[in-house]
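Below are the chains, spelled out letter by letter.
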Amino acid sequence: AQSVTQPDIHITVSEGASLELRCNYSYGATPYLFWYVQSPGQGLQLLLKYFSGDTLVQGIKGFEAEFKRSQSSFNLRKPSVHWSDAAEYFCAVGPRTTSGTYKYIFGTGTRLKVLA
Amino acid sequence: DAGVTQSPTHLIKTRGQQVTLRCSPKSGHDTVSWYQQALGQGPQFIFQYYEEEERQRGNFPDRFSGHQYPNYSSELNVNALLLGDSALYLCASSGVGTGTDTQYFGPGTRLTVL
């Protein structure tokens, strides 16, 4: 079955500390991989994506993620967290196609709290 | 360049009623996907429209239906509303080609069923 697992429901870090959010997937073939962020009551904003090539991808707001095929993982990292990073983070996967996008499968999310 | 827009922002309905939600995709996008996000959950795929036809569907009952217009905008219709239909409904647009091959989400419509 296709699935995305985000093992940490809640994470609390101090401002300025480093952050790593975990994501594991089960999909069959290697999918396209995404991280989205959602502020309270808002839609989803794309942080970064991995399609191919360098397995370390850079995104917006200083985030990066590393794709590890052997571990079926796509963990999100940030060296120094800012209070404005407090939000919910979703990992998602989608099929590799050349004819547009199809169904994305999302994890259940990790809620990040930042302590001043 | 406007992003994905959705209307209305909030909606309150009672059980058994019908509701229509609307979505306009980003400029240059021709594909619209709809997701349901229940409280505390990740988004769940409802269906996708491309070239005015439903191209892919998730595990949702026939009470959920949609439409896509020639200008690529889309509607999500839910009939015979249940309490469990209360959720944030997200629309995402995408297309084919560099810069359009990722789903970009709108702000969502919050539906409350009483």
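What counts and what doesn't
- Residues numbered from 1 in each chain as written.
- Chains lettered and ligands numbered in written order.
- Predicted model: local features only at pLDDT ≥ 70, side-chain atom pairs only at ≥ 80, totals over all residues.
- Heavy atoms only, no water.
- Helix = DSSP H or I, 4+ residues; strand = E, 2+ residues; numbered from the N terminus.
- Buried < 20%, exposed > 50% of the residue type's maximum accessible area, 1.4 Å probe, protein only.
- Contact = heavy atoms within 4.5 Å.
- Core = buried A, V, L, I, M, F, W, Y, C linked by side-chain atoms within 4.5 Å.
- Phe/Tyr/Trp six-rings, centres within 6.5 Å; stacked < 30°, edge-to-face > 60°.
- Lys NZ or Arg CZ within 6 Å of the ring centre and 35° of its normal.
- Disulfide = S-S within 2.5 Å.
- Buried area = accessible area lost by both parts, 1.4 Å probe.
- Salt bridge = Lys/Arg side-chain N within 4 Å of Asp/Glu carboxyl O.
- Polar contact = N/O pair within 3.5 Å; in protein donor to acceptor, adjacent residues only side chain to side chain.
- Nonpolar A, V, L, I, M, F, W, Y, C, P; charged D, E, K, R; others polar.

Would you explain the side chain of Thr109 of chain B in this entry?
All names here are of chain B. As for its placement among the helices and strands, Thr109 is situated in strand S11 (residues 109-113). Since its relative accessible area comes to 0%, Thr109 is described here as buried. Excluding residues that lie within four positions of it along the chain, Thr109 makes contacts with Gln6, Ser7, Pro8, Thr9, Leu21, Ala87, Leu88 and Tyr89.

Would you mind showing me how to read the nonpolar core here?
Generally speaking, a soluble globular protein has its nonpolar side chains buried in company with each other. Core analysis: the largest hydrophobic core is formed by 28 residues, its most contacted members being Leu19, Trp35, Leu47, Leu48, Phe74, Leu76 and Tyr89 of chain A. Per-element tally for this core: the top contributor is strand S10 (residues 87-94) of chain A, with four residues. With near-sequence residues (within four places) excluded, Leu48 of chain A lies in contact with Leu33, Phe34, Trp35, Val57, Gln58, Gly59, Phe63, Glu64, Ala65, Phe74 and Leu76 of chain A. Core analysis: the next-biggest nonpolar cluster, separate from the first, contains 20 residues, Leu11, Phe47, Tyr49 and Ala87 of chain B among them.

Help me understand the packing of aromatic side chains in this model?
Aromatic ring pairs are described here by two measures, namely the spacing of the ring centres and the angle between the planes. The full count for this structure, using the stated rule, is 14 aromatic pairs over all chains. Taken together, the ring pairs connect Tyr32, Phe34, Tyr36, Phe51, Tyr104 and Phe106 of chain A together with Tyr35, Phe45 and Phe105 of chain B into an aromatic cluster. Above the face of the Tyr102 of chain A ring, Arg55 of chain B is positioned so that its terminal group lies 4.1 Å from the ring centre. Its end group placed over the ring of Tyr50 of chain B, Arg55 of chain B keeps NZ or CZ at 4.5 Å from the ring centre.

Looking at this structure, I do not really get the state of the cysteines. What am I missing?
Here, the word disulfide means a covalent bond between the sulfur atoms of two cysteines. The tally for this structure, following the rule as stated, stands at two disulfides over all chains. Covalent S-S linkage joins Cys23 of chain A and Cys91 of chain A, the inter-sulfur distance amounting to 2.0 Å. On the sign convention where negative is left-handed, the bridge of Cys23 of chain A and Cys91 of chain A, at about -65 degrees about the S-S bond, is left-handed. Placement of the pair is Cys23 of chain A in the loop between strand S3 (19-21) and strand S4 (24-26) and Cys91 of chain A in strand S10, with a sequence separation of 68 residues. As far as burial versus exposure is concerned, Cys23 of chain A and Cys91 of chain A are alike and both buried. Put simply, Cys23 of chain B and Cys91 of chain B are joined by a disulfide, and their sulfur atoms are 1.7 Å apart. The disulfide joining Cys23 of chain B to Cys91 of chain B has a torsion of about -55 degrees about its S-S bond and is therefore left-handed. In this pair, Cys23 of chain B sits in strand S3 (residues 19-24) while Cys91 of chain B sits in strand S9 (residues 87-94), placing the two residues 68 residues apart along the sequence.

Help me out: how do you make sense of the interface of chain A and chain B in this one?
Quoted interface sizes are often the accessible area lost when the parts come together. Listed per partner, the contact involves 21 residues of chain A and 22 residues of chain B. Taking both sides of the interface into account, the surface hidden between chain A and chain B amounts to around 1800 Å²; carbon and sulfur atoms contribute 53%. When the area that chain A buries against chain B is broken down by residue, the three leading residues are Thr101, Tyr102 and Lys103 of chain A, summing to 29%. Run the count over chain A and chain B and you get zero salt bridges. Put simply, chain A and chain B have eight residue pairs in polar contact (both at pLDDT 80 or more) between them. Sorting the residues of the side of chain A that touches chain B by element identifies strand S5 (32-38) and strand S6 (45-50) of chain A as the ones contributing at least two each. Take the side of chain A that touches chain B: its biggest share by element is three residues, from S5 of chain A. Across the side of chain A that touches chain B, the residue classes break down as nine nonpolar, 10 polar and two charged.

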